[in-house]
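Residue-level listing of the chains:
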Amino acid sequence: MAHWGMFEVESADGDVSAVQPYAGDADPSPILGNLPGSVRHRARITGPAVRRGWLESGPGPSDVRGADEFVAVSWDELTELLARELRRVVDQHGNRAIFGGSYGWASAGRFHHAQSQVHRFLNMLGGYTRSVHTYSLGATGVIMPRVVGTHWKLFARSTNWDVISDHTDLMVCFGGVPLKNTAVNGGGTSEHPTRSALDRLRERGGEVVSISPLRDDLHGRCEWIAPIPGSDVAIMLGLAHVLASEGLHDKDFLDLYCVGYDRFERYLLGIDDGVPKSPEWAAALSGMSAEQIVALARRMAAGRTMVTVTWSLQRVRHGEQAPWMGVTLAAMLGQIGLPGGGFGHGYGSMNEPGLAPVPYPLPTLFQGADPVSDFIPVAAIADLLLHPGEEFDFDGRRLTYPDTRLVYWAGGNPFHHHQDLARLRRALSRPDTIVVHEPYWTPMARHADIVVPSTTSLERNDLACTRNDPLLVAMQQAVPRYAGARDDYDTFSALAHRLGFGERFTEGRTAQQWIEHLYEQWRAFVLTDPAHLEAPAFDEFWRRGHVRMRTEDGLSLFSDFRDDPRKNPLTTPSGRIEIFSADIDGFGYDDCAGHPRWFEPDEWLGGERAQQFPLHLIANQPRTRLHGQLDHGATSQASKIRGREPIRLHPDDAAERGLAAGDVVRVFNDRGACLAGVVIDADVRGGVVQLSTGAWYDPLDPADPDSMCVHGNPNVLTADVGASRLSHGCTGQHVLVQVERFDGDLPPIKAFDPPL
Ligand SMILES: Nc1nc2c(c(=O)[nH]1)N[C@H]1C(S)=C(S)[C@@H](COP(=O)(O)OP(=O)(O)OC[C@H]3O[C@@H](n4cnc5c(=O)[nH]c(N)nc54)[C@H](O)[C@@H]3O)O[C@H]1N2
Ligand SMILES: Nc1nc2c(c(=O)[nH]1)N[C@H]1C(S)=C(S)[C@@H](COP(=O)(O)OP(=O)(O)OC[C@H]3O[C@@H](n4cnc5c(=O)[nH]c(N)nc54)[C@H](O)[C@@H]3O)O[C@H]1N2
Ligand SMILES: [Mo]
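Residues numbered from 1 in each chain as written. Chains lettered and ligands numbered in written order. Predicted model: local features only at pLDDT ≥ 70, side-chain atom pairs only at ≥ 80, totals over all residues. Heavy atoms only, no water.

Chemist: Help me understand the site of ligand 1 in this model?
Modeler: Looking at ligand 1, there are 34 residues lining it, with His-417, Glu-438, Asp-488, Gln-629 and Asn-715 nearest. Taking Gln-629, its side chain carries an N or O atom lying 2.8 Å from an oxygen atom of ligand 1. A distance of 2.9 Å separates a nitrogen atom of ligand 1 from a polar backbone atom of Gly-732. For ligand 1, whose free accessible area comes to 920 Å², the fraction covered by protein is 97%. Of all the elements in the fold, those that place two or more residues in the shell around ligand 1 are α16 (414–417) and β17 (433–438). Split by residue class, the shell around ligand 1 holds eight nonpolar, 22 polar and four charged. (Near = heavy atom within 4 Å. Polar contact = N/O pair within 3.5 Å; in protein donor to acceptor, adjacent residues only side chain to side chain. Areas by Shrake-Rupley, 256 points an atom, 1.4 Å probe, with all protein chains shown as cover. Helix = DSSP H or I, 4+ residues; strand = E, 2+ residues; numbered from the N terminus. Nonpolar A, V, L, I, M, F, W, Y, C, P; charged D, E, K, R; others polar.)

Spelled out as structure tokens, the structure:
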């Protein structure tokens, strides 16, 4: 099992030679094509390594990280060095000086999950400064609990795809329903139902409207509307204005199930600010016509309508507004909780939304509690390192960045996930020591002082399952461990023994004993469920390869709340949907108000900055891989152009710049530049270019933090600013750029060659 699906492998010479998708998966992901040859790829880390400057001069800030040589050390030396350094930092600076960063997707698998391992280890060490929320859902994770009492239930207990196929008349999809993203689910997935669910909806006569800068964000027949990126909230307000002014809004629903509609309506109608958020107003901002907006609003009110918002719409500045306004629009239609109506967040963002949940807890490695109270919103990593001691706002609180001496990373890649990589490189020069566990020489591993080689999931046994998939899977080791790589668990066990808490960390179990233990804990629980399907003893489970769990089918999001709002209130302060939040209003932020509203984006075609950088770059998720993982694999490499990441442009934008398909271009703004390979495509809106994330950062001059990336990583261009003072969510999805042909000698791609 991988995050992108279930499969079986054939192996030869210690590597994967072929991959067969699970027979029960009707729509397996092309990402599986990256696996053959991945285990023994030259980008693997062969053994423990320490940066030469760190080894020779000891811990301390350094601006040669990322450009230095490495010295091979033995595992015993590595354990000794690392244990001593952890002890030093804790004794001299306290546990809060350790940032246990480790945001990232590492591998599927419940036991060898790198984040669980590193957090458990650091908790037992006495704690660490941690991060909260995700790059995926930074704004949603803060705003939606305040609006509907939860954010995870929006996905885990979302309206089921079968219910949508059977009941929805009109699906209005902000951000489309990109099939490419449904390949992926955190922790894995055994089925991919989105394509067939949309087909069945249309066969029944249902209609789909996709509002997105890219036509291929919706597969199959649909009405494609391509407004100016970043204008979605204005469009939703325009639609809401039609509903309110034509009396098409459901006043009973708003009275019974919501609070604060009146406050919001004053804003909508322009009563206080003199600016009605009319279809004409929305048209001027979005490039849609006012007639189009009026007609769409009337259609939405005429039948069973589902409003969906992809996660990408909140990965921008003011990212709170799109999901909040999406819920508000759906509340005005009055169909939240009805089959096929209401609101959805993340259909086409991840496979999970629309899949039936498992009604019991999953096998989970206990991480313990963190004795340190300091934390940061996850996307504030560079701010943390650059501004120790400074105060910042987060979700109504005033917090302080601790003084970080040691960064401990296992299972993620900040050079994939973070914005403004030049700024990140400067931030990474600040701490005394950076430790990275990685199977591969990613850019993050190259910026480490202590490099700890990890196994990949193919080299070890594990258990896999997720909260919205019927299968609990035995992930069986496919190939022997590569060279000097070790399981993260073994590394942490050795360190814990050296530091005096080995027994507590391991509880005396080997990895295989842990897997069996986690399974048996789960099994004991499942056996108490009278409706459970199967729960064989461990040996039998391991022989069969998987067991099938019960799922709750046919869900409609918030139907229990709708059925009985007194018995099943939302966990908001009012128990209802907060169209107006008195709490947020009370924070007095200038970039997030008490109700959803339009804020002009920083990076968009409607603003002044577009005169300097006239193309809107969409830095979305890659079709050919998961983030930066296995960028060297066959599926990912097949999409590259002269080794560079493809950038898609509209034919008019290409013609204006004299570009032909297959050209290499320099993509740039005032933060940085990268090279990319041209694909010309009329399915991209004019004025928009699309360059997915995930090409490994490959600076022309590794010693220069501002160096051009020769490979096509869009995060050299994106701004490192939070969504707002409320959430500080990641804003990497949008950035303004200019593009010009690159006629110089093409620099080689060095990202996959190990450092000296
Ligand atoms: N511009 C822009 N930037 C974005 C986004 C965007 O939309 N636009 N999206 C953001 C989003 S939603 C996300 S989730 C992030 C993703 O960012 P990340 O999750 O950090 O990216 P990955 O490449 O998946 O990094 C996972 C790393 O774990 C390593 N790994 C795999 N297995 C193991 C293991 O067993 N042990 C250890 N120690 N390591 C292992 C892999 O080799 C890989 O390098 O990116 C964010 N960045
Ligand atoms: N193949 C693949 N699938 C993945 C991942 C991966 O790396 N590879 N990563 C997974 C992860 S961790 C996450 S969090 C999810 C992310 O899920 P999302 O954030 O939803 O995914 P994206 O592909 O970044 O964006 C979806 C689409 O939104 C559209 N869009 C962007 N800006 C705007 C806008 O202003 N308005 C409108 N209307 N549309 C806009 C873009 O055209 C884009 O294709 O994807 C998951 N799925
Ligand atoms: Mo994500």
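Chemist: In this structure, what is going on with the sheet that holds strand β27 (residues 688–690)? I would like to understand it.
Modeler: Through backbone hydrogen bonds, the strands of a sheet pair up, either in parallel or in antiparallel fashion. Spatial strand order, β23-β27-β24-β26-β25-β28: six strands in a closed barrel with mixed pairing. In this sheet, neighbouring strand axes are inclined to one another by 45 degrees on average, regardless of whether the strands run parallel or antiparallel. With three bridges joining them, strand β23 (residues 615–618) and β27 adopt parallel strand pairing. If you follow His-616 over to β27, its bridge partner there is Val-688. (Pairing = 2+ DSSP bridges. Axes fitted to C-alpha atoms, helices over the stretch in contact; angles between N-to-C directions.)

Chemist: Can you walk me through helix α13 (residues 290–302) in this structure?
Modeler: Think of an α-helix as turning once every 3.6 residues; residues three or four places apart then point the same way. With 13 residues, α13 should reach 18 Å at 1.5 Å per residue; the first-to-last C-alpha distance of 19 Å fits that figure. Burial in α13 covers these residues: Ala-290, Ile-293, Val-294, Leu-296, Ala-297 and Met-300. Buried positions in α13, seen along its axis, are confined to an arc of 165 degrees and lie on one side of it. Turned more than 90 degrees off the buried face of α13, the exposed positions are Glu-291 and Ala-302. The elements touched by buried residues of α13 are β7 (170–174), β8 (207–211), α9 (232–245), α12 (279–286), β11 (305–309) and α14 (321–333). (Expected span 1.5 Å × (residues − 1). Buried < 20%, exposed > 50% of the residue type's maximum accessible area, 1.4 Å probe, protein only. Arc of directions from axis to C-beta. Contact = heavy atoms within 4.5 Å.)

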